[in-house]
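# Summary of the model geometry
Here's the letter readout for the chains.
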Amino acid sequence: MGGSREIAIREVVAVVLAADSPAGRVADVLDDLAAHLPPPAQQWGCSLCRTECWPCAGFDAAAQKVIGARLRLAEFVPLDLHPRLWPPPEQSQDVPQPSPPQSTLSPGTWFDEESRH
Ligand SMILES: [Zn+2]
């Protein structure tokens, strides 16, 4: 009986990419990206950075490079995490909510850049 805490790890797959393909050029970055995904039942934090706020800095940096390589970030992020990066538009039509004085700057704002081109 050790006090070792079981760490949930998101299942991963290893792929072979042509080194000179768009994804192959940033293969290291994709590794980083996957490493910084929070475990399935722990969407609030990254176990690598031990941060309780995700997207963490490590993911953020990797994601920027993925987008910089003109890859679609969404293809590399599990679907259950998409709402964290791209929050669904608020359906406040029938739910009266006090609107914030300023437009809330969502953490995923810059992720929208990839849809610009
Ligand atoms: Zn991290």
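Below: a short report on this structure. This is a predicted model, so every value here is computed, not measured.

## Thoughts on helix 3 (residues 57-68)
With 12 residues, helix 3 extends 16 Å from end C-alpha to end C-alpha; this agrees with the ideal 16 Å at 1.5 Å per step. Residues of helix 3 that are buried include every one of F59, A62, A63, V66 and I67, and no others. For helix 3, the buried positions fall inside an angular range of 140° around the axis, keeping them on one side. Along helix 3, the residues that are exposed and aim more than 90 degrees away from the buried face are A57, K65 and G68. For helix 3, the secondary structure elements touched by its buried residues are helix 2 (27-35) and helix 4 (82-85). At the exit of helix 3 stands R70, carrying a positive phi of roughly 65°.

## Remarks on the pattern of salt bridges
Under the criterion given, the structure shown has two salt bridges. Here R72 makes a salt bridge to E75, at a shortest N to O gap of 3.0 Å. Given the relative accessible area of 53%, R72 is considered exposed. The exposed category is assigned to E75, whose relative accessible area is 52%.

## Focus: the nonpolar core
Within the largest apolar cluster, 19 residues are counted, with the highest numbers of intra-cluster contacts made by L33, W54, F59, V66, L73, V77 and L85. Those elements that provide at least two residues to this core are helix 2 and helix 3. Element by element, the count of residues in this core is highest for helix 3, at five residues.

## Notes on helix 2
Turning to helix 2, its buried residues are V29, L30 and L33. In a view along the axis of helix 2, the buried residues occupy a sector of 100°, so they form one face of it. Exposed side chains of helix 2 directed beyond 90 degrees from the buried face belong to D28 and D31. Where helix 2 is buried, its residues contact helix 1 (22-25) and helix 3.

## Some words on the coordination of the zinc ion
Distances from the zinc ion to its protein donors, H36 (ND1), C46 (SG), C49 (SG) and C56 (SG), fall at 2.1 to 2.3 Å. Around the zinc ion, the four donor atoms sit at angles spanning 97 to 116°, and that spread fits a shape best called tetrahedral. Donor residues binding the zinc ion come from one chain and are separated in sequence as H-x9-C-x2-C-x6-C. Here C46 is found in the loop between helix 2 and helix 3, whereas its partner C56 is found in the loop between helix 2 and helix 3, with 10 residues between them in sequence. C46 sits in the buried class, given a relative accessible area of 2%.

Each value, and the rule that gives it
- Residues numbered from 1 in each chain as written.
- Predicted model: local features only at pLDDT ≥ 70, side-chain atom pairs only at ≥ 80, totals over all residues.
- Heavy atoms only, no water.
- Helix = DSSP H or I, 4+ residues; strand = E, 2+ residues; numbered from the N terminus.
- Expected span 1.5 Å × (residues − 1).
- Buried < 20%, exposed > 50% of the residue type's maximum accessible area, 1.4 Å probe, protein only.
- Arc of directions from axis to C-beta.
- Contact = heavy atoms within 4.5 Å.
- Salt bridge = Lys/Arg side-chain N within 4 Å of Asp/Glu carboxyl O.
- Core = buried A, V, L, I, M, F, W, Y, C linked by side-chain atoms within 4.5 Å.
- Donors = N, O, S within 2.8 Å, 3.2 Å for Na, K, Ca; no water.
- Tetrahedral: all angles 85-135°; square planar, octahedral: opposite > 155°, others 65-115°.

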